[in-house]
Amino acid sequence: MRRELMALHAERAELEQRLARAEQERLYLTDPSAAAAAQGEEAALLSELDRLMTRIRAAEYRSQPGARTW
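Residues numbered from 1 in each chain as written. Predicted model: local features only at pLDDT ≥ 70, side-chain atom pairs only at ≥ 80, totals over all residues. Heavy atoms only, no water.

Draft legend 1. Structural context of the overall build of the protein chain. Of regular secondary structure, the protein chain possesses two helices and zero strands. Relative to a compact globule of 70 residues, whose C-alpha radius of gyration would be 11 Å, the protein chain shows 16 Å and is clearly more extended. For the protein chain, the spread of C-alpha atoms along the principal axes amounts to about 55 × 20 × 10 Å. Looking at the protein chain as a whole, 19% of its 70 residues qualify as buried. Partitioning the contacts of the protein chain with sequence separation of at least 6, the portion at a separation of at least 24 is 65%. When the accessible area of the protein chain is evaluated, it comes to approximately 5,300 Å², of which 53% is carbon and sulfur surface. (Helix = DSSP H or I, 4+ residues; strand = E, 2+ residues; numbered from the N terminus. Rg over C-alpha atoms; globule rule 2.2 N^0.38 Å. Buried < 20%, exposed > 50% of the residue type's maximum accessible area, 1.4 Å probe, protein only. Contact = heavy atoms within 4.5 Å. Areas by Shrake-Rupley, 256 points an atom, 1.4 Å probe, with all protein chains shown as cover.)

Here it is as structure tokens:
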């Protein structure tokens, strides 16, 4: 279980880096079409991060003693 949680957090860190890069591109690219593409990528990454955080919370809950399973 611990290894799974560590892998999820590593995936989160990589995703957050990609998200920060997309945000910077959206803010500072001068080409409107490239900025729009970065905005789309940013939205997709935010959605992916939300799903990943849900998986992390579930894994953290399962690692607690006496955690119920559904």
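Draft legend 2. Molecular detail of the pattern of salt bridges. Per the stated rule, a full pass over the model turns up four salt bridges. Of the charged contacts in the structure, one is a salt bridge between E42 and R26, with a shortest N-O distance of 2.4 Å. In this pair, E42 is assigned in helix 2 (residues 32-62) and R26 in helix 1 (residues 2-28), connecting sequence segments 16 residues apart. On the basis of relative accessibility, which here comes to 11%, the residue E42 falls in the buried class. Among the residues examined, R26 registers a relative accessible area of 28% and is labelled partly exposed. (Salt bridge = Lys/Arg side-chain N within 4 Å of Asp/Glu carboxyl O.)

Draft legend 3. Main features of helix 1. When the terminal C-alpha atoms of helix 1 are compared, their 39 Å separation across 27 residues agrees well with the 39 Å that a helix rising 1.5 Å per residue should span. Those residues of helix 1 that fall on the buried side of the exposure criterion are L5, L8, L15, L19 and A22. Where helix 1 is buried, its residues touch helix 2. (Expected span 1.5 Å × (residues − 1).)

Draft legend 4. Highlighting the nonpolar core. Judged by nonpolar contacts, L5, L8, L15, L19, A22, L45, L49, L52, I56 and A59 together constitute the single largest core of 10 residues. Elements with a minimum of two residues in this core: helix 1 and helix 2. Contact partners of L15, with chain neighbours within four places excluded, come to L45, E48, L49 and L52. (Core = buried A, V, L, I, M, F, W, Y, C linked by side-chain atoms within 4.5 Å.)

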